[in-house]
Amino acid sequence: MTGTLLRSDHGRPVAPSEGVLRPLGLDNVRIADGFWADRQTLNAEKLIEHCEYWVERAGWMGNFDAAREGRLPAAHTGRSFADSDVYKLLEAMAWEIGRTGDEAMNRRLQAIVERIAPVQHPDGYLNTYFGRPGQALRYSDLEWGHELYCYGHLIQAAIARGRTAGDDLLVDIGRRAADHVCNTFGVGGIEGVCGHPEIEVALVEFARFTGDDKYLKQAQLFIERRGHHTLADIEFGRDYFQDETPLRDTDIMSGHAVRALYLAAGGVDLAVETHDHDLFRALETQVAKTVAKRTYLTGGMGAHHEGESFGQDFELPPDRSYSESCAGVGAVMVSFRLLLATGDSQYADQIERTLFNVIAGSPSAEGTSFFYTNTLHQRVPGTIPPVDEASPRASSSLRAPWFEVSCCPTNVARTFATLGTYLATSSPDGLQIHQYATADVRGQIEGGTVAVRIETAYPLEGTVRVIITETIDTEWDLAIRVPGWSTKARLLFEGEEEVQVTPGTAIIRRQFAVGDTLELRLDVSPRFTFPDPRIDAVRGSVAVEAGPIVLCVESVDLPPGLSVNDVRLDVGRKPEVRDGRTTVSLLPAKFQSSAWPYPPSPEDLAGGAAFEVPLTPYHHRGNRGPSTMRVWIPCA
């Protein structure tokens, strides 16, 4: 491997030049045990290799071989954006190698890069779908061609490699591609944008990585061009592309959810680097309104299958929830950038909700199949997909090994590889703990290096213990997030009287000694959650949560013959924990058979005795075979 660079941004997926909080790198945060350690192990041992296997099997890696050997366009497989999943795989591998030093994976990464490099044109252009005899011309389909989108993921892979291993062939390929974009789409060039935002967030980060403002200026051009009908109109409307209204004039997300979130992430980055306070405030408003009116209980975003898009305010039907896994990744990207810029714990709350309930739920327990979409109500038992075929449907009823459009598996892999960077941050004043996992955290603050050990069985248990393992001779702040869902949180420090703390950030300032311990005690017992009455689709229903975990009922846990559509919740009995599982009291519903489903009076009646049913964490749904499932349960 190339020698590690001693860079201030080493191991950091996001490295803004300023902000209230500073991100920590992969070397600064080591997750050691528990829920997220298990996901990182799964990623290292299963997910990444599974993605490698499928980009090869599907022929997407082979497209680069075909380009090198002159067999295109006849030999091309996949959609116009197939290159991007190879690049996201490379990014996941780069971060994972940076996290673990896996030499075997490093050799595999280098072998993939060596297959890609000869395909890049002398001017930096790189794509297997466009630009050759028999193929469409370069940039002839900015609405759907995804050329710039593919560059975005290539550049992010180059950043990951550069910030973990130093300059090498992948970094050079990414730099040449970024230069090509600036030369082609800069002032005096093509005055267009990509139909799928992604290049924007990549270029801002590449400017941070290289210190060259030309990439920042190009990102600014792309963001300012969008929203002025730069792209052609389509059936879904230009709002699908976020090209109906300029980003700084948009007050809530609409259109294609992943596109909107990637654009917002790039917008936050741009606003921070250019001190564009108006743009930043617009994005804060946009995110706040989207979370308040267009986000599912799980943190998922996107209510329409048509256009993979946001619905209108409070249009959040559970059985038609699209909630693409990639939208979950995009939501975390946006929230983390806003957290760094503002220090506001609400963004860490949203990261937690989305990580636990959307992203953690995409892969199977074995790491060999994935949910692309994340419904909150499975009305009919799913169909087990073939293990050796890519699913043609994004909304597969059970996890599929791969998809014809397979953006989500590689997106989950790159997120799992960088999980540690979401746990904690630093500032001149001290360390901040945002997510809870058994981990070692080290950071530079004013006065030197400080470090802590976090010990917890969260989310199964609510005690989070933070032990000072390295300190300085002056006072500094140890801050810990108190989740927004918590109503009974208590804080204890070194034998002092336990105090109740409210949601937000709890800060203890001391001249700490090694061994000093801060203990946060959260009540993670199960609780009922009720919907805003404006969400018509779930009015009269109740969900159950335990700590950050959304729970669901699956028909495999119901008496034989019952579906989740046939039960009602007894809200008079609170959820309880029995034998390690949350249980609720349900009643079978009695329906009158009729040729017309609109009777003159209500006919949904209790049809038998109540019975107890164990609930399943939403992220674990679908791991026990075909089943009906629902999060929101109608009240008896």
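Residues numbered from 1 in each chain as written. Predicted model: local features only at pLDDT ≥ 70, side-chain atom pairs only at ≥ 80, totals over all residues. Heavy atoms only, no water.

Looking at this model, I keep getting lost on the pattern of salt bridges. Mind explaining?
When the charged atoms of two side chains lie near each other, side chains of opposite charge can form a pair. Under the criterion given, the structure shown has 50 salt bridges. The residue E52 makes a salt bridge to R108 at a minimum N-O spacing of 2.7 Å. Of the two residues, E52 sits in helix α1 (residues 35-57) while R108 sits in helix α4 (residues 103-116), which places them 56 residues apart along the sequence. For E52, a relative accessible area of 14% corresponds to the buried category. Measuring nitrogen to oxygen at the nearest pair gives 3.1 Å for the salt bridge that ties E612 to R573. On the criterion of sequence distance, the pair formed by E612 in strand β21 (residues 611-614) and R573 in the loop between β17 (567-569) and β18 (576-578) is long-range, its members being 39 residues apart. Classification of E612 by relative accessible area gives partly exposed; the value is 35%. Through salt bridges with shared partners, a single network forms among D9, R163, E205, R208, D269, E273 and R337. (Salt bridge = Lys/Arg side-chain N within 4 Å of Asp/Glu carboxyl O. Helix = DSSP H or I, 4+ residues; strand = E, 2+ residues; numbered from the N terminus. Buried < 20%, exposed > 50% of the residue type's maximum accessible area, 1.4 Å probe, protein only.)

I would appreciate a short explanation of the nonpolar core in the present structure.
As a rule of thumb, soluble globular proteins bury nonpolar side chains together. Counting residues in hydrophobic clusters, the biggest one holds 183 residues, and the most contacted among them are W36, Y151, V452, W476, I480, L520 and L586. In this structure, Y296, L297, A543 and Y618 belong to the second largest nonpolar core, which totals 15 residues. (Core = buried A, V, L, I, M, F, W, Y, C linked by side-chain atoms within 4.5 Å.)

Help me out: how do you make sense of the side chain of S325 in this one?
Along the chain, S325 turns up in helix α11 (residues 325-342). Of the polar contacts made by the side chain of S325, one reaches the side chain of N374; its length is 3.2 Å. Apart from residues lying up to four places away in sequence, S325 is in contact with V358, S362, F371, Y372, N374 and C408. (Polar contact = N/O pair within 3.5 Å; in protein donor to acceptor, adjacent residues only side chain to side chain. Contact = heavy atoms within 4.5 Å.)

This is a description of form; function is not addressed.
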